[in-house]
Amino acid sequence: MLSSAKHNKINHSAFSVSSSSSSSQGQNKSQVTMEEVWKEINLGSLHYHRQVNIGHEPMLKNQNPNNNSIFQDFLNMPLKQQPPLPPSSSSSIVTALYGSPLPIPPPATVLSLNSGVGFKFLDNTDTLVASNPNSFEGSARFGCFGKKRGQDSDGSRGDRRHKRMIKNRESAARSRARKQAYTNELELEIAHLQTENARLERQHEQLKMAEATQHQVKKTLQRSSTAPF
Amino acid sequence: MTSNVRDPLIVSRVVGDVLDPFNRSISLRVTYGQREVTNGLDLRPSQVQNKPRVEIGGEDLRNFYTLVMVDPDVPSPSNPHLREYLHWLVTDIPATTGTTFGNEIVCYENPSPSAGIHRVVMTLFRQLGRQTVYAPGWRQNFNTREFTEIYNLGLPVAAVFFNCQRESGCGGRRS
């Protein structure tokens, strides 16, 4: 039954696992299923791309040996590592995500974060697939919550950093504008000097020609009128 | 402006922060020592200590021009709350001559910025006739636009700017 559950996990029957775990009486049984779920989480966290081709059992075996990562580590991972996936694949992660706190007592913070977003998915499995984009957004928010909670202590630090960043951006923009303005000016000058140079050269040529012809004219002797005294 | 958006006066935001868009119609040559000022040229306080030689174009000696020299980036470009600082004001300059033939209303004060890289703008305006211009009470918080409105100078006929920073500045480059 476990192996079949493992196989079917990705195809929507993930919540069958979680529901079975939620309704499980024995702690042992839930822990075993939990381990499956945790493995799936690790798999999901580290092999996102492969999860698109879901349903291949061999993929399940390519699991991260690091099964000791706690749930919070998964939640605290940077947001980038949670790309949008097609609904069929995301459902497994989502349910794994939300399924896990039920059988075992979750850490207090996780529970509070979950309560707003997660539990309703478990109650209504029909809405699960439809609300998958929201679920990722919810899980994405987990990363932000940590920051928002500590806002009081390092809020001013964040503000100052933000202001500094804006100032730096403005300074960089001014620097770029300065450089660009000077470059444009030089280009304009070059163009201007080139045309002037061409003009002066032509003028010089013309003057040289004029002088040469004048010189030639002077060389030939000419008869000029003589006074008839 | 006759020149397109790539005009250095626009790219550097001189047109915008200090002046309104205009078309150049009179030549303006500003020379500090041997250096002729081109837009965006980097000059240090030591190089601009004395007033420059200014030669203006035009044709009719009966036309008079006003030269305004301001620094819009005081006290620092990132926080210019004293914009603009009036460095020099010369009126009644006859066409084809220079500032030496004009009326120095506000005497030349050499730029010496302490923070950041400042733009220093020199603008030429055409006067309607010879007119009496009153010097402002102080140099900072000058407003070129307002000044031109008060004295009916209209749009500029020429302008040039350079960049000035403290003597030991890195030139805007870190390495």
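Residues numbered from 1 in each chain as written. Chains lettered and ligands numbered in written order. Predicted model: local features only at pLDDT ≥ 70, side-chain atom pairs only at ≥ 80, totals over all residues. Heavy atoms only, no water.

Quick look at the pairing of strand S9 (residues 158–164) of chain B
Residue and element names in this part refer to chain B. For S9, the tally of buried residues reaches seven of seven residues, placing the bulk of the element in the interior. A two-sided burial pattern is seen for S9, the buried positions comprising Ala 158, Val 160, Phe 162 and Cys 164 on one face and Ala 159, Phe 161 and Asn 163 on the other. Here strand S3 (residues 41–43) runs beside S9; their pairing, made up of three bridges, is parallel. Residue pairing in the sheet places Asp 42 in a bridge with Asn 163 of S9. By the bridge criterion, seven bridges tie strand S8 (residues 118–126) to S9 in an arrangement that is antiparallel. Of the residues in S9, the one forming a bridge with Arg 119 is Asn 163. (Buried < 20%, exposed > 50% of the residue type's maximum accessible area, 1.4 Å probe, protein only. Helix = DSSP H or I, 4+ residues; strand = E, 2+ residues; numbered from the N terminus. Pairing = 2+ DSSP bridges.)

A word on unusual backbone geometry
Residues and elements named next belong to chain B. Omega for the bond connecting Val 74 with Pro 75 falls within 30 degrees of zero, at -10°, which places this linkage in the cis form. Summarising the element assignment, Pro 75 is placed in the loop between strand S5 (64–71) and strand S6 (85–94). Backbone torsion omega between Arg 83 and Glu 84 reads -10°, so that peptide bond is classified as cis. As for its position among the elements, Glu 84 is in the loop between S5 and S6. Although it is not a glycine, Asp 92 sits at a positive phi angle of roughly 55°. Looking at the secondary structure, you find Asp 92 in strand S6. Residue classification places Asp 92 among the buried residues on the basis of a relative accessible area of 7%.

Some words on the sheet that holds strand S2 (residues 35–36) of chain B
Residues and elements named next belong to chain B. If you trace the three strands from one edge of the open sheet to the other, you get S2-S1-S4, paired in antiparallel fashion. Of all the strands in the sheet, just S2 and strand S4 (53–56) have a single pairing partner and so form its edges. In this structure, strand S1 (residues 28–32) lies alongside S4, joined through four bridges in antiparallel fashion. When the sheet's bridge partners are listed, Val 30 is paired in S4 with Val 54.

Digging into the pairing of S8(B)
Residue and element names in this part refer to chain B. By the criterion of burial, S8 is predominantly enclosed, with eight of the nine residues buried. The pairing of S5 with S8 spans six bridges and is antiparallel. Looking at S8, one finds that Met 69 is bridged to Met 122.

Some remarks on the side chain of B:Asn163
Among the secondary structure elements, B:Asn163 is positioned in strand S9. The exposure class of B:Asn163 is buried, given its relative accessible area of 5%. Of note is the side chain of B:Asn163, whose polar atom sits 3.4 Å from the backbone oxygen of B:Gly40. Discounting chain neighbours no more than four positions away, the residues touching B:Asn163 are A:Arg178, B:Gly40, B:Leu41, B:Asp42, B:Leu43, B:Ile117, B:His118 and B:Arg119. (Polar contact = N/O pair within 3.5 Å; in protein donor to acceptor, adjacent residues only side chain to side chain. Contact = heavy atoms within 4.5 Å.)

Points about the side chain of A:Asn184
With respect to the element layout, A:Asn184 can be found in helix H10 (residues 151–219). A:Asn184 gets classed as buried once you look at its relative accessible area, which sits at 3%. If we ignore the near neighbours within four places in the chain, the residues touching A:Asn184 are B:Arg6, B:Pro8 and B:Val11.

Here's the deal with the interface of chain A and chain B
Taken together, the contact pairs twelve residues of chain A with 14 residues of chain B. Both sides together, the interface formed by chain A and chain B hides about 1100 Å², and carbon and sulfur atoms give 54% of it. One can count four residue pairs in polar contact (both at pLDDT 80 or more) joining chain A with chain B. (Buried area = accessible area lost by both parts, 1.4 Å probe.)

A word on a positive patch on the surface
The grouping of A:Arg157, A:Arg160, A:Arg161 and A:Lys163 at the surface amounts to a positive patch. Counting through the fold element by element, A:Arg157 comes out in helix H10. (Patch = residues over 30% accessible without salt bridge, like charges linked within 9 Å, V, L, I, M, F, W, Y side chains within 5 Å. Areas by Shrake-Rupley, 256 points an atom, 1.4 Å probe, with all protein chains shown as cover. Salt bridge = Lys/Arg side-chain N within 4 Å of Asp/Glu carboxyl O. Lys, Arg positive; Asp, Glu negative; His and termini not counted. Charge placed at Lys NZ, Arg CZ, Asp CG, Glu CD.)

Structural notes on the nonpolar core
Across soluble globular proteins, nonpolar side chains show a tendency to be buried alongside one another. Residues and elements named next belong to chain B. With 26 residues, the main nonpolar core has Leu 28, Tyr 32, Leu 67, Leu 124 and Phe 162 as its most contacted residues. For this core, the secondary structure elements donating two or more residues are S1, S3, S4, S5, S6, S8 and S9. If near-sequence neighbours (up to four positions away) are discounted, Tyr 32 is found in contact with Val 37, Leu 43, Gln 47, Val 48, Asn 50, Lys 51, Pro 52, Met 69, Tyr 108 and Phe 162. Counting 23 residues, the second largest nonpolar core, distinct from the first, contains Val 121, Phe 142, Tyr 151 and Ala 159. (Core = buried A, V, L, I, M, F, W, Y, C linked by side-chain atoms within 4.5 Å.)

Quick word on the confidence of the model for chain A
All names here are of chain A. Chain-level statistics for chain A give a pLDDT mean of 63 and a share of 34% at 70 or above. Within chain A, no element has a lower average pLDDT than helix H5 (residues 87–99), which sits at 44, and none a higher one than H10, at 90. Confidence drops under a pLDDT of 50 for residues 1–27, and excluding neighbours within four residues, the segment shows 42 contacts in the predicted structure. Low confidence marks residues 81–140, where pLDDT is under 50. Its contacts with residues over four positions away, or in another chain, come to 97 contacts. (pLDDT = per-residue confidence, 0-100.)

Observations concerning the sheet that holds S6(B)
Residue and element names in this part refer to chain B. Here six strands make up an open sheet; going across it, the order is S3-S9-S8-S5-S6-S7 and the pairing mixed. Each edge of the sheet is formed by a strand with only one pairing partner; in this case those strands are S3 and strand S7 (103–106). The average angle at which neighbouring strand axes cross in this sheet is 25°, direction not considered. Note: S5 against S6, seven bridges, orientation antiparallel. For Met 69, the partnering residue across the bridge sits in S6 and is Trp 88. (Axes fitted to C-alpha atoms, helices over the stretch in contact; angles between N-to-C directions.)

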